[in-house]
Amino acid sequence: MALLKSWLDVAKPHQDIADGSFDESLFAADLGLVARGKGPEDYRDPALFASKTFLTANLREALVEIGNRLAGDISATSVHRMQTEFGGGKTHTLLAAYHLFGSPDEVAHTKLARDLAKLLKGGALPKAKVVVLDGAAMRVDPEPMPDGTVVHTFLGHLAWQLGGPDGYAIVQSQDEGRRGTSTAQLVDLMERYAPCLILMDETLEYLSKALAVRTHEGSLAATTLTVIKELVTAVPSVAGACLLATLTASNREDYASVADEDMQDRLSRVVGRTESIVTPVEGDDIFPILHTRLFETVGDPKARRAVADAYGAYYVQLGDVLPATFRDGGYRDRIEAAYPFHPELIDILTNRWGSLSGFQRTRGALRTLAHTVKSLTQAQHQAPLIHPGDVPLHDAGVRAEVIRFAGESYKAALNADIIRNDSHAVQEDQRRGGEVSSNRLTVGLATTAFLNSFGPERVVGASAHQMLVGAGRPGLSRGIIEDVRDAFKNAAWYMRYEGGRYRFTTEPNLNKVIVEREGAIAEESITELLNTALAAVAPGRRPWRVELHVDDSTAVPDESRLVLGVLDYRHVIGVGATDATRDHARTVLTRRGPSGRTNKNAIVLIAADDGALSKARATARRLAAMSDLKDDKHRLKRFNEEQREDLFARITSHESRLPAQLVMAYRHLLVLESDTNGNGGTVVDLIDLGPAKVNDTITGRVTDHLQSTDQLLDALAPAAVLSARFDLLPAGQDAVEIAHLLNAFHRYPRLPKIASAEVLRNCLINGVQQKVFALASGSAWDASDSVIRFGTSVESGEIEFQEGTWLVRAAAAQDLLSHRVPEPEKPSHERPAPGGGEQSPGTGDGSTGDPGAKPTPPAIPSSPTHLTVRVSGVPADKARDVLKVAVLPFAADGAHVAIDFTITADAESGIPSQTLDLVVKEGLRQIGVEHDVTAE
């Protein structure tokens, strides 16, 4: 995409098109006005007209036949009927014949005339008497001619234009009596004034007017049909006579709805007896016509081909989602030929709009495209092509053409969904930003659907592949296009998705019905849905007791167990609310009602993000509205099956979305921590847990965060209890009651939280076994009869957190044991010595006096100043445990700890590059850690 030039850098519009100063009448050629010397100069001036006319193959063939016929070639076709569908069509062809054969001398120097003359048998353009019978301009009541002659009928106009007063005199009595003629009379008339070219345009309009005029034959329309029949019969009999007729623009245009509905068919049968069908513009002939009318140049062929090849490769990349036509090499040729327009845009105008009664093919299409080029030029459009989605429906000129055939009722759809700054498409582009916004992707998709919503087919609308082609361009992935499309589908008020097609209607869709229903939803219904979802995503789960909707300090019990308080919806974190919520949290964390809270370290609070909670509330409101709509049987009957299924699917989606949004919303953790500024006391720490993962719960996220930051322990190293960081056993004090230890973990925010009393119990068991400290039970820890456990196994059930049990420093315990009298030695027959020897008197520390026994490993006599711990083969799920037991204790004692990691990862299916680049490398970069990665 970056290598492709904008079409504005390649093609150059005519100046009047680019600046919007063009005269719209330039796209409304009128043969009758030109014949009277009126209308835009581009059509009146023969040479200027010829210079701006592109000669298609079919037009060239028709003009050669006409020229040869006028030159006297009796074998050349004499009667031609125009059949056009779009662009540079019938009127333009009639004007070409009018100027080329009516004023050959004035156009002889033009390229158009020179090229045509080379193809004629005589080598030059013949000059003929040109008769213009424009049904839109002719009246059915008496009409005076410039010389004073008054004509009354189609026959009178024909005769007067051929021969003036003399020609009119031949048919005067028939004209005044509104009677018909004969083939012989018409042959004589044309032979007298040959060579003559008779141009008939908008004949059906004249016949529709003539229906109201009564004659002795019934109506003037019937008489005129008879005259036309005689005319087409007479023309082939006259050398140098030729008839070129357009009966009407199409039987679907405005003049088809006349009182006599079969008039079109009758006229076609009359002319069809001897006609030769002429289709001057067919298929892709329209491309060069558009170029001629709208652009000075369409640029370098190499640049156009580069764009065509890029789009071809892009469509191949999209794969089977597009029909094979778009992926064939021939479609690249169409792109190059249509440049700077995308062929799909021209196809819409040709195959869809071109068949609508209110859309006047050449005039409407050229006006639409002229306003499109004008608007995009002024906006400095940067796309390689002009797509269907690029048509600026916000432009007044474009919108006027659309409303002309679509109707005023579509204004509401355009305003609500596409063109206004607060429309759903514009807002979606702004919300997403990035490439979606810069490419106006949502507006493009909406516009594509709108353009495809009109046509003669019974089923209208844009298919999935038409949506892709209408807005997609190299550099935009299919995934992002479809994601934006689906998001807009769920937001638009007037676009429907039915039968696999996206189309706009004037009736509000399910989205708007739901929005209207939302206005009637009571706050109680919204709160009920929020409460139900919150209970599901904040379950009471070990180690937490969960209290929901905490609105005051009494809502949270003051217990020696962990409590997670979920703050009420009105206590949020956000602009203008954070300070008040933090103050509220401090009250809850430090007090319970009028009293101070004892177990301050056993409670944490979680608050919702204001913006995210608003989204969850909006989802709850919509869910309530949809559920209400589902229960409204009367309204439900008005939906079709697809709409009902859509409603049910949305309800299911919102039911699963709401809990997930609440997990995302409740992301702000509030905990008490010691004031690190040296002021003493505590502060409320506000921690953002960040985005949630799929299937997360609020309880689980709090647990994971506190565990990962060692603020919640499910295991406690014995040495940590004695560390200066914990300060549970101050210097100069040899023992502390274990009940006090447990209470300390619940009460003091300077300490980490422990998941349960079992964590401390296991720590004590391990500490005794490892001789880190001893446990003493009795009236006092150093009483002569206290029970000292040191270096021995302790059962879990033996440790109760109550008065009378102390943790004792190892040195104090050893000193106490060394002064105790050993127990009398038991007889050898009662206690056999290991290895056959006698056991030494017990020392209380598990050692023996047997010189042959394996000695107990000696304790380190002094603290080392440097050590290295090598650990290998650690699985991923044990990495955190290694940090806890082998790294953090050193850091807690004030040691400078440095760690070198060698991480080996093997995966048979390959390690995703996203994991390596966006997670691992980016994460290490963000925390400032040097790293080197070697991949194989």
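- For the protein chain, an unreviewed UniProt entry supplies the name DUF499 domain-containing protein and the organism Actinoallomurus oryzae.

## Regarding empty space enclosed by the protein
Here is step 1 of the chain: Tallied over the full model, the rule gives three cavities of 30 Å³ or more.
Here is step 2 of the chain: Considered as a void within the structure, the second largest cavity measures approximately 40 Å³ in volume.
Here is step 3 of the chain: Considering the residues around the second largest cavity, the lining is formed by Thr153, Phe154, Leu155, Arg179, Leu220, Thr223, Thr224 and Val227.
Here is step 4 of the chain: Elements that contribute at least two residues to the lining of the second largest cavity include exactly α9 (154-176) and α12 (220-234).
Here is step 5 of the chain: The element that contributes the greatest number of residues to the lining of the second largest cavity is α12, accounting for four residues.

## Topic: the packing of helix α35 (residues 738-747) against helix α36 (residues 757-769)
Here is step 1 of the chain: For the pair α35 and α36, the least separation of the axes is 10 Å and the interaxial angle reads 135 degrees. Classified by the interaxial angle, the pair formed by α35 and α36 is oblique. For α35 against α36, the interelement crossing comes out right-handed. Contacts between α35 and α36 involve Ile738, Leu741, Leu742 and Phe745 from the first element and Ala757, Leu760 and Leu764 from the second.
Here is step 2 of the chain: Of the residues in the contact of α35 with α36, the class split is seven nonpolar, no polar and no charged.

## A few points about the sheet that holds strand β3 (residues 129-134)
Here is step 1 of the chain: Spatially, five strands are ordered β3-β6-β7-β2-β8 in an open sheet, and the strand pairing comes out parallel. The two strands at the open ends of the sheet, each matched to only one other strand, are β3 and β8 (276-278). Here the average twist between neighbouring strands, direction ignored, is 20 degrees.
Here is step 2 of the chain: When strand β2 (residues 79-82) meets strand β7 (residues 241-245), the two strands line up parallel, connected through three bridges. Bridged to His80 within β7 is Leu244.
Here is step 3 of the chain: Here helix α6 (residues 90-102) sits on the sheet in contact with β2, β3, β6 (196-201) and β7, set at roughly 160 degrees to β6.

## Digging into the layout of surface pockets
Space left empty within the atom packing is revealed by a probe, the size of a water molecule, rolled over the atoms.
Here is step 1 of the chain: Considering only enclosed or pocket space, the second largest pocket measures out at about 790 Å³ in volume.
Here is step 2 of the chain: Every residue lining the second largest pocket is counted, 23 residues in all, and those nearest its centre are Asn490, Ala491, Arg622, His654 and Arg657.
Here is step 3 of the chain: Where the lining of the second largest pocket is concerned, the elements lending two or more residues are α22 (424-432), α26 (478-489), α27 (510-518), α30 (610-631) and α32 (641-665).
Here is step 4 of the chain: Counting residues per element, the lining of the second largest pocket draws most heavily on α32, at seven residues.
Here is step 5 of the chain: Among the residues forming the lining of the second largest pocket, the class breakdown is six nonpolar, eight polar and nine charged.

## Observations concerning the nonpolar core
Here is step 1 of the chain: Counting 82 residues, the largest nonpolar core has Tyr315, Phe341, Trp353, Leu393, Ile418, Phe450 and Phe504 as the members making the most contacts within it.
Here is step 2 of the chain: Setting aside chain neighbours within four positions, we find Phe504 in contact with Tyr410, Ala413, Asp417, Ile418, Ala446, Ala449, Phe450, Ser453, Phe488, Tyr494 and Met495.
Here is step 3 of the chain: Counting 75 residues, the second largest nonpolar core, distinct from the first, contains Ala533, Leu534, Leu751 and Ala755.

## A closer look at the side chain of Ser375
Here is step 1 of the chain: Topologically, Ser375 is positioned in helix α19 (residues 361-378).
Here is step 2 of the chain: Residue contacts for Ser375: discarding those within four places in its chain leaves Pro392, His394 and Asp395.

## So, a nonpolar patch on the surface
Here is step 1 of the chain: Side chains of Leu867, Val869, Val871, Val874, Leu883, Phe890, Val897, Ile899, Phe901 and Ile903 sit close together on the surface and give an oily, nonpolar patch of about 890 Å² of accessible area.
Here is step 2 of the chain: Here Val897 shows up in the loop between α39 (888-892) and α40 (913-926).
Here is step 3 of the chain: Given the relative accessible area of 32%, Val897 is considered partly exposed.

## Description of the pattern of salt bridges
Here is step 1 of the chain: As enumerated under the stated definition, the model contains 42 salt bridges in all.
Here is step 2 of the chain: Linking Glu428 and Arg431 is a salt bridge whose minimum nitrogen-to-oxygen distance equals 2.7 Å. Taken together, the residues Glu428 and Arg431, both in helix α22 and three residues apart, mark about one turn of the helix.
Here is step 3 of the chain: What makes Glu428 buried here is its relative accessible area of 10%.
Here is step 4 of the chain: Glu641 is the partner of Arg644 in a salt bridge, and the nearest nitrogen-oxygen pair spans 2.9 Å. Of the two residues, Arg644 and Glu641 are both situated in helix α32; the distance of three residues between them amounts to about one turn of the helix.
Here is step 5 of the chain: With a relative accessible area of 21%, Arg644 lands in the partly exposed category.

## Here's the deal with the sheet that holds strand β21 (residues 735-737)
Here is step 1 of the chain: Taken together, four strands build an open sheet; the order of strands is β21-β25-β23-β24 and the sheet is antiparallel. Two strands in the sheet have a free side with no partner beyond their single neighbour: β21 and β24 (787-789). Between one strand axis and the next, the sheet turns by 25 degrees as a mean value, whatever way the strands run.
Here is step 2 of the chain: Contacts from α36 reach β23 (773-777), β24 and β25 (805-809) within the one sheet, and its direction differs from that of β23 by about 110 degrees.
Here is step 3 of the chain: Those strands touched by helix α37 (residues 810-818) are β23, β24 and β25, and its axis lies near 100 degrees from that of β25.

## As for the environment of Ala898
Here is step 1 of the chain: Locating Ala898 in the fold gives a position in the loop between α39 and α40.
Here is step 2 of the chain: A sequence separation of 30 residues divides Ala898 from Thr868, and the C-alpha atoms of the two residues are 9.9 Å apart.

## Observations regarding the confidence of the model for the protein chain
One rule of thumb: low pLDDT means the predicted coordinates there are not for detailed reading.
Here is step 1 of the chain: Across the protein chain, the average pLDDT comes to 87, with 89% of residues at or above 70.
Here is step 2 of the chain: Across residues 249-260, confidence stays below pLDDT 50; counting only partners more than four residues off in sequence or on other chains, it has 23 contacts.
Here is step 3 of the chain: Considering only residues more than four positions removed or in separate chains, one finds that residues 857-861, a stretch of pLDDT under 50, has zero contacts.

## Describing helix α28 (residues 523-537)
Here is step 1 of the chain: For α28, which comprises 15 residues, the first-to-last C-alpha distance of 21 Å matches the rise-based estimate of 21 Å (1.5 Å per residue) to within 8%.
Here is step 2 of the chain: Listed in full, the buried residues belonging to α28 are Ile526, Leu530, Ala533, Leu534 and Val537. Down the axis of α28, the buried set is contained in an arc of 105 degrees. They therefore lie on one face. Facing away from the buried side of α28, by more than 90 degrees, are the exposed residues Glu524, Glu528, Thr532 and Ala536.
Here is step 3 of the chain: In this structure, the buried side of α28 is in contact with β12 (545-550), β13 (563-567), α30, α32, β18 (666-674) and α33 (698-708).

## Let's talk about the packing of α28 against α30
Here is step 1 of the chain: Remark: α28 packs on α30, axes separated minimally by 9 Å, with the N-to-C direction vectors making an angle of 110 degrees. Classified by the interaxial angle, the pair formed by α28 and α30 is roughly perpendicular. In the crossing of α28 with α30, the sense of the turn from one axis to the other is right-handed. Judged by residue contacts, Glu523, Ile526, Leu529 and Leu530 of α28 engage Ala616, Arg617, Ala620, Arg621, Leu623 and Ala624 from α30.

## Here's the deal with the packing of aromatic side chains
The description of two aromatic rings rests on the distance between their centres and on the angle between their planes.
Here is step 1 of the chain: Scanning the model with the defined rule gives 16 aromatic pairs in all.
Here is step 2 of the chain: With a centroid separation of 6.1 Å and an interplanar angle of 70 degrees, the aromatic rings of Tyr311 and Tyr315 are classed as edge-to-face. Separated by four residues within a single helix, Tyr311 and Tyr315 lie in helix α15 (residues 301-318), roughly one turn from each other.
Here is step 3 of the chain: By relative accessible area, which is 0% here, Tyr311 ends up buried.
Here is step 4 of the chain: In this structure Tyr315 comes out as buried when scored by relative accessible area, which is 0%.
Here is step 5 of the chain: In textbook terms, an aromatic cluster arises when at least three aromatic residues are bridged by ring pairs, as seen for Trp353, Phe405, Tyr410, Phe450, Phe454 and Phe504.

## Quick look at the pairing of strand β10 (residues 495-498)
Here is step 1 of the chain: Sheet topology note: the β10/strand β11 (residues 501-504) ladder contains four bridges and is antiparallel. What sits directly across from Glu498, in β11, is Arg501.
Here is step 2 of the chain: In this structure, the hairpin formed by β10 and β11 is closed by a connection of two residues, where Gly499 is found at a positive phi of approximately 60 degrees.

Scoring rules and cut-offs
- Residues numbered from 1 in each chain as written.
- Predicted model: local features only at pLDDT ≥ 70, side-chain atom pairs only at ≥ 80, totals over all residues.
- Heavy atoms only, no water.
- 1 Å grid on protein atoms, 1.4 Å probe; cavity = no way out; pocket = protein on both sides within 12 Å on 5 of 7 lines; lining within 4 Å.
- Points joined across faces, edges and corners; volume = space filled by probe spheres on them.
- Helix = DSSP H or I, 4+ residues; strand = E, 2+ residues; numbered from the N terminus.
- Axes fitted to C-alpha atoms, helices over the stretch in contact; angles between N-to-C directions.
- Parallel < 35°, antiparallel > 145°, perpendicular 65-115°, else oblique.
- Left-handed = near helix turned anticlockwise from the far one by under 90°.
- Contact = heavy atoms within 4.5 Å.
- Nonpolar A, V, L, I, M, F, W, Y, C, P; charged D, E, K, R; others polar.
- Pairing = 2+ DSSP bridges.
- Core = buried A, V, L, I, M, F, W, Y, C linked by side-chain atoms within 4.5 Å.
- Buried < 20%, exposed > 50% of the residue type's maximum accessible area, 1.4 Å probe, protein only.
- Patch = residues over 30% accessible without salt bridge, like charges linked within 9 Å, V, L, I, M, F, W, Y side chains within 5 Å.
- Areas by Shrake-Rupley, 256 points an atom, 1.4 Å probe, with all protein chains shown as cover.
- Salt bridge = Lys/Arg side-chain N within 4 Å of Asp/Glu carboxyl O.
- pLDDT = per-residue confidence, 0-100.
- Expected span 1.5 Å × (residues − 1).
- Arc of directions from axis to C-beta.
- Phe/Tyr/Trp six-rings, centres within 6.5 Å; stacked < 30°, edge-to-face > 60°.

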